[in-house]
Amino acid sequence: MRLALAALLLATGVAAAHAQGTARGAQDGAARGEAIAGPVGAVVGGAIGAAVGTANSILGIDRRERFRIYAAGEHRPSFRHEGPLRVGTVLPPEGVVYYDVPPEFALKGFNYTIVNDHPVLVEPGTRRVVEVID
């Protein structure tokens with residue numbers, strides 16, 4: 001039953017949550033699982049979405065370290081943010097400087113900035129953090 005439910009959830013789009021990271025993957029997976037199979041589906045879908053999101057963050061495993069090294073080499077100033085910095089955090093409208101992501105990283109539609117000495121990927125229109133690069 002669980003294996004069949006997991007296969008169903010993957011077939012219906014839980015894998016699409018991969019680009020959002022662990023938290024977003026878990027959230028999307030739980031919502032889709034619940035819609036398909038109720039509360040049990042939410043549990044299974046959340047676990048699958050989290051696992052897929054962790055393994056396939058926006059940068060992916062292969063480009064993550066390269067991007068961290070790139071950002072450190074740019075010596076950009078760091079914005080100080082009070083509170084936890086995680087995926088979903090919305091940065092303030094003022095005081096943060098955003099930079100273009102170089103084409104070599106193939107992240108069209110995202111900017112980056114440095115927050116609390118960590119490079120972060122940001123959706124430009126919403127200022128929402130979509131990935132924190134540790």
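See the structure printed just above.
Since we're looking at a predicted model, the values are computed, not measured.

Here is what the cut-offs are and how they apply
Residues numbered from 1 in each chain as written. Predicted model: local features only at pLDDT ≥ 70, side-chain atom pairs only at ≥ 80, totals over all residues. Heavy atoms only, no water. Helix = DSSP H or I, 4+ residues; strand = E, 2+ residues; numbered from the N terminus. Buried < 20%, exposed > 50% of the residue type's maximum accessible area, 1.4 Å probe, protein only. Polar contact = N/O pair within 3.5 Å; in protein donor to acceptor, adjacent residues only side chain to side chain. Contact = heavy atoms within 4.5 Å. Pairing = 2+ DSSP bridges. Axes fitted to C-alpha atoms, helices over the stretch in contact; angles between N-to-C directions. Salt bridge = Lys/Arg side-chain N within 4 Å of Asp/Glu carboxyl O.

> So, the side chain of Asn116: which residues are in play, and what are the values?
By the element assignment, Asn116 lies in the loop between β2 (111–115) and β3 (118–123). Relative accessible area serves as the criterion here: at 15%, Asn116 is assigned to the buried category. At 3.2 Å, the side chain of Asn116 and the side chain of Arg80 are in polar contact. Non-local contacts of Asn116, meaning those with residues more than four positions away in its chain, are made with Ser78, Phe79, Arg80, His81, Gly83 and Leu85.

> Describe the sheet that holds β2, listing the residues and the values that go with them.
Across the sheet, which stays open at both edges, the 4 strands sit in the order β1-β2-β3-β4 with antiparallel pairing between neighbours. Two strands bound the open sheet, and with one partner strand each, they are β1 (99–100) and β4 (128–132). Taken together, the 2 bridges between β1 and β2 define a ladder with antiparallel strand orientation. Looking across to β2, one finds that Tyr99 is bridged to Tyr112. The sheet contacts of helix α3 (residues 60–74) involve β2, β3 and β4, and relative to β2 the element is tilted by about 65 degrees.

> Before we move on, could you go through the pattern of salt bridges and cite the residues and values that matter?
Where side chains of opposite charge bring their charged atoms close, a pairing between them can arise. Enumeration over the complete set of coordinates arrives at 5 salt bridges. For Glu65, the salt bridge identified is with Arg68, shortest N-O distance 2.3 Å. Placement of both Glu65 and Arg68 in helix α3 is noted, with a separation of 3 residues, approximately one turn of the helix. On the accessibility criterion, Glu65 (39% relative accessible area) is partly exposed. Residue Arg68 is classed as partly exposed on the basis of its relative accessible area of 28%. Asp117 serves as the salt-bridge partner of Arg80, at 3.5 Å between the closest nitrogen and oxygen. Here Arg80, found in the loop between α3 and β1, pairs with Asp117, found in the loop between β2 and β3; they are 37 residues apart in sequence, far enough to count as distant.

> Lay out the environment of Tyr99 with the relevant residues and their values.
By the element assignment, Tyr99 lies in strand β1. Accessibility expressed as a relative area gives 12% for Tyr99, which makes it buried. Spatially, the C-alpha atom of Tyr99 lies 5.3 Å from that of Tyr112, the residues being 13 residues apart in sequence. Setting aside residues up to four positions removed in sequence, Tyr99 forms contacts with Arg76, Pro77, Asn111, Tyr112 and Thr113.

> Please provide a residue-by-residue account of the pairing of β2, values included.
With respect to burial, β2 is a largely interior element, 5 of its 5 residues being buried. Of the pairings in the sheet, the one linking β2 to β3 comprises 5 bridges and is antiparallel in character. What sits directly across from Tyr112, in β3, is Leu121. Taking the residues between adjacent antiparallel strands as the criterion, β2 and β3 are bridged by 2 residues, where Asn116 takes a positive phi near 50 degrees.

> Kindly report on the pairing of β3, identifying the contributing residues and their values.
Pairing geometry for β3 and β4, over 4 bridges, is antiparallel. Bridging across to β4, Leu121 finds its partner in Glu131. Following β3, the chain reverses through 4 residues before pairing antiparallel with β4; Arg127 in that reversal takes a positive phi of roughly 65 degrees.

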